[in-house]
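Overview (structure and organization)
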Amino acid sequence: MSARLPLFPLGTVLLPGLVLPLEIFEERYRALVRELLAQPADEARSFGVVAIRRGRETGPALPAIHEVGCTAVLRRVQEHPDGRFSLITVGGQRFRIGAVDQRSAPYLVGDVEFLPDEVGDAESARESVAPVQRLMRAYAERLAATGTVQISLPDLPDDPVALSYVIAAAAVTDLTERQGLLAAADAATRLRVERALLHREVGLLQKITTIGSSELRRVDPSPN
């Protein structure tokens, strides 16, 4: 399935199911929000979040972006007297950008293909679930033991697709690694990478006493 989708470049990776608050300052994105709010209430109000490869979120220059992103579905909108918007969005569906239109709107518009969330190798995915769950719990416990991060780990799902996204959202702090997990072909591949990543992180946490993770519990509002 393909579509034209407004694009919102950010210095973070949005994943399906992840809550993303946004503060909208720039006029081009204010215009985007106003257009979304003008749509019928029964229509899905969403835009595409893509991680920045090079450049900045704000300013006149358009940044270079990754080709795989995730839709952000509006859940709550607050308009301020000065024209700013405060948004609460939730990650929806992954997509791959085929072409980018820089002229028809004040913001980028992408010709995108939506990507299915497939399990992949079903046996491999099933075999990865329990080890990844155990490693994630060990990771959370070791982070909490440092005394610098308070962990509130939800019940980890047994479904391979859902689990792969929960782990990607909770355990990855490096944008490049997180982008790679978003773009993974299927859940089996994503879980295999996460298993290795968590094993590495648990080993590192055995050797250090402090850590500066900022994305484990929440994604901070991004000013635009």
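Note that this is a predicted model, so its numbers are computed, not measured.

Quick notes on the pairing of strand β3 (residues 46-54)
Counted residue by residue, β3 has 7 buried out of 9 residues, so it is predominantly covered. With 4 bridges connecting them, strand β1 (residues 2-10) and β3 associate as parallel partners. Its bridge partner lying in β3, Pro9 is registered against Val50. The pairing of β3 with strand β5 (residues 68-79) spans 4 bridges and is classified as antiparallel. Looking at the pairing, Gly48 lines up with Thr71 of β5. Relative to strand β4 (residues 64-65), β3 runs antiparallel, the two sharing 2 bridges. What sits directly across from Ile52, in β4, is Ile65.

A word on the pairing of β1
In the sheet, β1 pairs with strand β7 (residues 109-114) via 5 bridges, with the strands oriented antiparallel. Each bridged residue has a counterpart across the sheet, and for Arg4 the counterpart in β7 is Asp111.

Considering the packing of helix α3 (residues 160-171) against helix α5 (residues 187-205)
In a packed pair of helices, the relevant descriptors are the angle between the two axes and the axis-to-axis distance. The geometry of α3 relative to α5 is characterised by a closest axis approach of 9 Å and an angle of 40 degrees between their N-to-C directions. With respect to each other, α3 and α5 are oriented oblique. The handedness of the crossing between α3 and α5 comes out as left-handed. Taking contact as the criterion, the partners of Pro160, Val161, Leu163, Ser164, Tyr165, Ile167, Ala168 and Ala171 in α3 are, on α5, Ala187, Arg190, Leu191, Glu194, Leu197 and Leu198. Of the residues in the contact of α3 with α5, the class split is 11 nonpolar, 1 polar and 2 charged.

Brief notes about the nonpolar core
In terms of nonpolar packing, the biggest core is built from 33 residues, with Phe8, Ile24, Phe47, Val49 and Leu87 touching the most fellow members. The set of elements that each furnish at least two residues to this core consists of β1, β2 (19-24), α1 (27-37), β3, β5, β6 (85-101), α3 and α4 (175-182). The two domains that each donate at least three residues to this core are domain 1 (1-112) and domain 2 (120-208). Beyond its immediate chain neighbours, meaning those up to four positions away, Leu87 contacts Leu20, Pro21, Leu22, Ile24, Val33, Phe47, Leu74, Arg76 and Val77. If you look at the next biggest cluster of nonpolar residues, it comprises 16 residues, including Leu143, Leu198, Val202 and Leu205.

Some thoughts on the pattern of salt bridges
Tallying each qualifying case throughout the model produces 10 salt bridges. Between Asp101 and Arg4 there is a salt bridge; the shortest N-O distance is 2.9 Å. Of the two residues, Asp101 sits in strand β6 while Arg4 sits in strand β1, which places them 97 residues apart along the sequence.

A word on the side chain of His80
Within the secondary structure layout, His80 lies in the loop between β5 and β6. According to the relative accessible area criterion, His80 is buried, its value standing at 15%.

Looking at α5
In an α-helix there are 3.6 residues to a turn, and that puts residues three or four apart on one side. Across its 19 residues, α5 extends 26 Å between first and last C-alpha, which sits within 8% of the 27 Å expected from 1.5 Å per residue. By the burial criterion, the buried members of α5 are Ala187, Ala188, Arg190, Leu191, Glu194, Leu197, Leu198, Glu201, Val202 and Leu205. Two or three places before Ala188, at the opening of α5, Asp186 has a side-chain oxygen 3.3 Å from that residue's backbone nitrogen.

Definitions and limits used
- Residues numbered from 1 in each chain as written.
- Predicted model: local features only at pLDDT ≥ 70, side-chain atom pairs only at ≥ 80, totals over all residues.
- Heavy atoms only, no water.
- Buried < 20%, exposed > 50% of the residue type's maximum accessible area, 1.4 Å probe, protein only.
- Helix = DSSP H or I, 4+ residues; strand = E, 2+ residues; numbered from the N terminus.
- Pairing = 2+ DSSP bridges.
- Axes fitted to C-alpha atoms, helices over the stretch in contact; angles between N-to-C directions.
- Parallel < 35°, antiparallel > 145°, perpendicular 65-115°, else oblique.
- Left-handed = near helix turned anticlockwise from the far one by under 90°.
- Contact = heavy atoms within 4.5 Å.
- Nonpolar A, V, L, I, M, F, W, Y, C, P; charged D, E, K, R; others polar.
- Core = buried A, V, L, I, M, F, W, Y, C linked by side-chain atoms within 4.5 Å.
- Domains from an automatic or database assignment.
- Salt bridge = Lys/Arg side-chain N within 4 Å of Asp/Glu carboxyl O.
- Expected span 1.5 Å × (residues − 1).
- Polar contact = N/O pair within 3.5 Å; in protein donor to acceptor, adjacent residues only side chain to side chain.

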